[in-house]
Amino acid sequence: MKKILVITDAPYAFSGYGNQVDKIMTEMVKRGWDVYAFACNYFPNGKEEKDENGYVVFNGIKTILLEDIWNGPEYLYPSKEKVQKAMEEINPDIVFTLNDFYRVAPYLELGEEFISKWVHWLPIDNDYDDKYTPQFENKLK
């Protein structure tokens, strides 16, 4: 079974990114993909039920809670180290991100193996002059 690792808001987070990942990745599960997603931008309430492998499953999506989120806003999204660990444990065929580039740009430092699997959906919802986004996009495959 092919695997996807998703780095964006949790599919159950109350955000636009959360809604989009729910719709897209729920459909990918229906099509036979094994989907793992970091539960970004989500504060655990302590009532989440984990399966035998430690994932909170939502619409077939295996979500990874960021337990250290309570330590500060810099933990809303996983560190490079957490992403690297997930890459090693899950060995995904595709890594999918949906977020502003500055949230995910540090993952470029994970190297070619990561970049070669990376699909980034970058919403552009403003008209300000941004000199960094094209530089970021040009580094992706």
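In case you missed it, the structure is sitting above this.
Residues numbered from 1 in each chain as written. Predicted model: local features only at pLDDT ≥ 70, side-chain atom pairs only at ≥ 80, totals over all residues. Heavy atoms only, no water.

(A) Quick look at the sheet that holds strand β2 (residues 34-40). Taken in spatial order, the 6 strands line up as β3-β4-β2-β1-β5-β6 in an open sheet, and their pairing is mixed. On the outer flanks of this sheet lie β3 (56-58) and β6 (118-121), each paired with one strand and no other. The average angle at which neighbouring strand axes cross in this sheet is 25 degrees, direction not considered. Sheet topology note: the strand β5 (residues 94-98)/β6 ladder contains 4 bridges and is parallel. From the neighbouring strand, T97 faces β6, where its bridge partner is H120. In the packing of helix α1 (residues 16-30) onto the sheet, the strands contacted are β1 (3-9), β2, β3, β4 (61-64), β5 and β6, and the crossing angle to β1 comes to about 170 degrees. Sitting on the sheet, helix α2 (residues 80-90) touches β1, β2, β4 and β5, and the angle it makes with β1 is about 160 degrees. (Pairing = 2+ DSSP bridges. Helix = DSSP H or I, 4+ residues; strand = E, 2+ residues; numbered from the N terminus. Axes fitted to C-alpha atoms, helices over the stretch in contact; angles between N-to-C directions. Contact = heavy atoms within 4.5 Å.)

(B) View of unusual backbone geometry. Phi angles above zero are rare outside glycine, and N41 is one such case at about 55 degrees. With respect to the helices and strands, N41 occurs in the loop between β2 and β3. Not every positive phi belongs to a glycine, and N91 is a case in point at roughly 55 degrees. The residue N91 is located in the loop between α2 and β5 in this model. The partly exposed category is assigned to N91, whose relative accessible area is 48%. (Buried < 20%, exposed > 50% of the residue type's maximum accessible area, 1.4 Å probe, protein only.)

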